[in-house]
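# Summary of structural features
What follows is each chain in one-letter form.
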Amino acid sequence: MILVDSRFVGVNATSNSIEVAVRPGGDCWKTDFADESITATATKLKGIEPELVVMEGTGTYELTLAGVFATLGLPFAIVNPRSVRDFARAVGRLTRGDYNQAGLLAHFGELVHPEARPIGTEIIQKLKELRARRSDILKMLALERDRLCRASSVVRKDLQRHIEFLEKSIGLLDQEFS
């Protein structure tokens, strides 16, 4: 049974962008795939209070989003791309002109109701800690880059080494997070 005020959200993530569609209602937006945008998207979705957020399981960009969604308590399902293609075929939406991918995923969620699999509290806590650490390192990185612009030659090399170290740390945290 679908409640009158139920909302289903489709999210399509690529290396460059995050595309979001909400059903019913038809709200859609697109933003870049960056830390601030991921957080802003998750926060906006939290305010919408969706019954379910649906993403296609490609094994890449949706994983970062899933981690953030989990830390905010958003219900989400990562679905098999083949199921989405079969659904598109079944509802006669074979071309991209009919829907954007996020819209198709929202429609899939609304009609199919894939199961949202809860993540354990221990894993959510680890994700929150990784996210907080990543945020701290990004702040340090911004400060060091700002210092580098104003630095004299005496400390410039040390700042460059520290920036490289912080960038590597972000990369390692990203591997842990996804």
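Refer to the structure printed above.
The notes below deal with the structure included here. Here the structure is a predicted model, which is why all the values come from computation and not from measurement.

## What about the overall build of the protein?
Within the protein, the regular secondary structure consists of six helices and five strands. Starting at the N terminus and walking to the C terminus, you meet the elements of the protein as β-β-β-α-β-α-β-α-α-α-α. If one aligns the C-alpha atoms of the protein with their principal axes, the spans along those axes are about 65 × 35 × 25 Å. Taken across its 178 residues, the protein has 39% of its residues classed as buried.

## Points about the pairing of strand β2 (residues 17-23)
Regular strands place their side chains on alternate faces of the sheet. Burial runs high along β2: six of the seven residues are buried. Here strand β1 (residues 8-13) pairs with β2 via six bridges, running antiparallel. Residue V11 lies in a different strand from β2, and its bridge partner there is V20. Hairpin geometry of β1 and β2 is characterised by an intervening segment of three residues between the two adjacent antiparallel strands. Alignment of β2 against strand β3 (residues 28-32), held across five bridges, turns out to be antiparallel. From the neighbouring strand, E19 faces β3, where its bridge partner is K30.

What counts, and at which threshold
Throughout, a residue's number is its position along its own chain's written sequence, starting from 1. For a predicted model such as this one, the threshold for reporting local features is a pLDDT of at least 70, and the threshold for listing and counting side-chain atom pairs is 80 or more; totals across whole chains, interfaces and linings nevertheless cover every residue. The side-chain values count all of the structure's non-hydrogen atoms but skip hydrogen atoms and water molecules. Think of it this way: any DSSP run of H or I at least four residues long counts as a helix, any run of E at least two long counts as a strand, and we number them from the N terminus. Exposure categories follow from relative accessible area, calculated using a 1.4 Å probe and restricted to protein chains: below 20% of the type maximum is buried, above 50% is exposed, and the middle band is partly exposed. Strand pairing is defined by DSSP finding a minimum of two bridges between the two strands.

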